[in-house]
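Coordinate analysis (summary)
Okay, here's what each chain looks like letter by letter:
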Amino acid sequence: MLPVSMRRPRVALLALLALLDARARADAPPDAAPITLARAQALAEERAPDVLVALARDATAHADVEVAGIYPDPQLGVGTTSGTALLYASLYVTLPLFGQLDTAVDAARAQASVADADVDVARLDARFAASIAWWTLWQASRELEIALDNGARRERLLEIAEARFAEGAAPRLDVLRARAAARLAAAEAASLRERRRGGAAALSVLLGQADGATELPPDAPTMAAIALDDDRLHALVDEHPVVVRARRLVRTADALVTREHRARWPLIGAQVGGSFFERQPPPTHDVSVTLTFDVPIFDEPRITRAETARREAAVELEAVAAGVTAQLTSARADALAALRRRDAIQADVVPAATEAADLALEAYESGGLDLTSALVAEQTRTDAVAALVAATGELGRARAALEHAAGRSL
């Protein structure tokens with residue numbers, strides 16, 4: 001059981017935190033629930049600006065499929081002659097009889113599949129960006145709470161120093177140093193409050209929210225163990241949205257080569273014309289029928305370019321797969337390192353530093369310890385708790401990078 005003198009600052013701290021929480025809730029929109037990490041990721045996949053742009057481009061790409069299958073418009077000509085006919089009319093129709101439209105539609109569908117993959121990549125990137133922003137905001141919020149707690153403890157230390165000075169048991173220097181520490185803690189809290197507001201605005205943009213009011217749960221989400229063997233790693237690389245997109249680019253390049261080769265087949269044109277309303281009797285009506293053929297003698301450079309683009313797409317696919325493999329391996333190592341650091345600080349450093357600070361505060365109040373030692377113990381505790389929050393945020397961001405490298409939630 002703590003003495004009454006030690007319980008009072010705890011009660012005051014709880015009251016202060018409750019007041020700040022009430023003010024935050026009052027400033028938040030009505031019925032605004034804390035945004036969990038999972039909800040932030042889901043909202044970003046749906047509302048992030050880059051995702052909306054990718055969806056719009058995807059719709060255009062699918063509209064291009066229908067356009068690619070359209071027959072050329074017929075041409076109607078009407079005129080007169082200087083001869084006997086008052087009116088001359090003709091109708092010209094292009095007939096792609098050798099599969100030119102089919103190969104054009106296939107190429108457009110392949111390009112639309114790449115646009116589909118672009119949407120998946122945009123959602124993956126938006127999920128990653130939202131995860132980083134969420135953890136950054138969570139860390140800023142927790143650091144603000146630490147600063148407020150630190151300020152309350154410094155104020156308590158100032159009260160003790162003033163009481164001991166009044167009793168003649170401590171010099172005025174103790175009061176001045178304790179007051180400086182308390183004011184510094186208050187300034188740090190004010191700075192962190194502004195930083196948190198900026199982090200909330202950054203996250204709101206990714207979530208498609210305009211008000212910037214983003215409340216997060218106080219506790220960090222549970223992060224499952226990181227278990228990725230080599231077989232699972234290779235499977236993730238093969239299914240990664242970026243690799244899928246590169247693979248579809250290869251198929252698109254194949255379709256474009258086929259389209260260019262088929263374009264060398266001649267387009268047949270049929271023209272029907274006739275003259276009417278003769279000026280001189282007896283009336284005659286001349287009708288003409290003409291067939292035209294394209295002569296594709298200048299198409300070789302287009303075919304060469306399409307084949308070169310296909311080789312480029314194949315090389316890019318290999319490079320993308322190798323890059324994703326390297327990124328996934330590196331992200332796994334970083335996540336494991338961050339996990340071990342967080343666990344060590346949480347299990348050993350914070351409990352020891354907190355107990356030492358509490359004992360130092362009691363000892364200073366009873367006259368068994370000088371102010372310098374008490375301030376050092378308090379600072380050590382503050383640094384330990386801040387290190388835990390930083391390590392947790394680092395772990396969360398490392399996990400987000402791992403999932404981004406894996407191309408899916410783990």
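It should be emphasised that the depicted structure is a prediction, and the values quoted were computed from it without experimental measurement.

Reading the values: rules and limits
- The written sequence of each chain sets the order in which its residues are numbered from 1.
- pLDDT decides what is reported in this predicted model: residues at 70 or higher carry local features, side-chain atom pairs at 80 or more are listed and counted, and totals for whole chains, interfaces and linings draw on all residues regardless.
- Calculated side-chain values reflect all of the structure's heavy atoms, with hydrogen atoms and water omitted.
- Per-residue confidence from the predictor is reported as pLDDT, a score between 0 and 100.
- Contact criterion: two residues are considered in contact whenever any of their non-hydrogen atoms come within 4.5 Å of each other.
- Ring pairs shown here join Phe, Tyr and Trp side chains whose ring centres sit within 6.5 Å, with only the six-membered ring taken for Trp; geometry is labelled stacked below 30 degrees between planes, edge-to-face above 60, and tilted in between.
- We count a stretch as a helix when DSSP gives it H or I for four or more residues in a row; a strand needs E for two or more, and each element gets its number in order from the N terminus.
- Whether a residue is buried, partly exposed or exposed follows from its accessible area with a 1.4 Å probe, protein chains only, as a fraction of its type maximum: under 20%, in between, or over 50%, in that order.
- Placement of a charge over a ring requires the Lys NZ or Arg CZ to be within 6 Å of the ring centre, with the centre-to-atom vector within 35 degrees of the ring normal.
- Residues with no salt bridge and a relative accessible area higher than 30% make up the patches, which join like charges within 9 Å and nonpolar side chains (Val, Leu, Ile, Met, Phe, Trp, Tyr) within 5 Å.
- In short, Shrake-Rupley with a 1.4 Å probe defines the accessible areas, and a residue's cover is counted only from the protein chains shown.
- Whenever a carboxyl oxygen of Asp or Glu lies within 4 Å of a side-chain nitrogen of Lys or Arg, that contact is scored as a salt bridge.
- One less than the residue count of a helix, multiplied by 1.5 Å, gives the span that helix is expected to have.
- Working convention: axes come from line fits to C-alpha atoms, limited for helices to the stretch in contact. Angles between N-to-C directions cover 0 to 180 degrees.
- Convention used here: angles under 35 degrees read as roughly parallel, angles over 145 as roughly antiparallel, angles from 65 to 115 as roughly perpendicular, and any remaining angle as oblique.
- The hand of a helix crossing depends on one turn: near helix anticlockwise from the far one by less than a right angle means left-handed, and clockwise means right-handed.
- Each residue gets one of three labels, nonpolar for Ala, Val, Leu, Ile, Met, Phe, Trp, Tyr, Cys and Pro, charged for Asp, Glu, Lys and Arg, and polar for the others, Gly among them.

Turning our attention to the confidence of the model for the protein. Of the residues in the protein, 86% have a pLDDT of 70 or more, and the chain-wide mean is 83. Long-range and interchain partners of residues 1-31, a stretch whose pLDDT sits below 50, account for 21 contacts in this model, where long-range means more than four residues apart.

This next bit is on the packing of aromatic side chains. When we look at a pair of aromatic rings, we describe it by the centre distance and by the angle of the planes. Per the stated rule, a full pass over the model turns up 3 aromatic pairs. Relative to Trp-265, the ring of Phe-98 lies with its centre 5.4 Å away and its plane at 40°, an arrangement referred to as tilted. Taken together, the positions of Phe-98 in the loop between β2 (85-95) and α4 (100-167) and Trp-265 in the loop between α7 (241-262) and β3 (268-278) put the pair 167 residues apart, joining distant regions of the chain. Of the residues examined, Phe-98 reaches a relative accessible area of 30% and is grouped as partly exposed. On the numbers, 5.1 Å between centres and 85° between planes, the contact of Trp-134 with Trp-135 is edge-to-face. The class of Trp-134 is buried, set by a relative accessible area of 1%. One aromatic cluster in this structure is built from Trp-134, Trp-135 and Trp-138. Positioned above the aromatic ring of Tyr-364 is the side chain of Arg-164, whose terminal nitrogen or guanidinium carbon lies 4.9 Å from the ring centre. Between Arg-262 and the ring centre of Trp-265, over which it is positioned, the NZ or CZ distance is 5.8 Å.

Among the surface-exposed residues, Leu-76, Val-78 and Leu-91 lie close enough to one another that they form a single nonpolar patch of about 320 Å² accessible area. Residue position: Leu-91 is located in strand β2.

Another aspect to go through is the environment of Val-242. Checked against the element boundaries, Val-242 lands in helix α7. In the structure, Val-242 is positioned 122 residues away from Asp-120 in sequence and 8.4 Å away in space, judged by C-alpha atoms. Once residues lying within four places of it in the same chain are set aside, the contact partners of Val-242 are Val-121 and Val-320.

Turning our attention to α7. Every α-helix winds through 3.6 residues per turn, so residues three or four apart in the chain are directed the same way. With 22 residues, α7 extends 31 Å from end C-alpha to end C-alpha; this agrees with the ideal 32 Å at 1.5 Å per step. All buried positions along α7 are accounted for by Pro-241, Val-243, Ala-246, Val-250, Thr-252, Ala-253, Ala-255, Val-257 and Glu-260.

Before going further, it helps to spend a moment on the pattern of salt bridges. One pass over the structure, following the stated rule, counts 22 salt bridges. The salt bridge partner of Arg-183 is Glu-155, with a shortest N-O separation of 3.1 Å. Here the residue Arg-183 occupies a position in helix α5 (residues 172-207), and Glu-155 occupies one in helix α4, the gap between them amounting to 28 residues. Classification of Arg-183 by relative accessible area gives partly exposed; the value is 45%. Assessed through its relative accessible area of 32%, Glu-155 is described here as partly exposed. Put simply, Asp-238 and Arg-247 hold a salt bridge, and the shortest N to O gap is 3.0 Å. Salt bridges sharing common partners tie together Arg-153, Arg-154, Asp-358 and Glu-378.

Across its 68 residues, α4 extends 100 Å between first and last C-alpha, which sits within 8% of the 100 Å expected from 1.5 Å per residue. Once α4 finishes, Gly-168 follows within two positions and takes phi at roughly 80°, a positive value.

Moving on, we come to the packing of helix α2 (residues 37-47) against α4. Put simply, α2 and α4 touch, their axes get as near as 8 Å, and they point 140° apart. Between α2 and α4, the crossing angle belongs to the class labelled oblique. As for how α2 packs across α4, the hand of that crossing is right-handed. Residues Leu-37, Ala-40, Gln-41, Ala-44 and Glu-45 of α2 form the contact with α4, whose own contacting residues are Arg-123, Ala-126, Arg-127, Ala-130, Ser-131, Trp-134 and Trp-135. Tallied by class, the residues present in the contact of α2 with α4 amount to 7 nonpolar, 2 polar and 3 charged.

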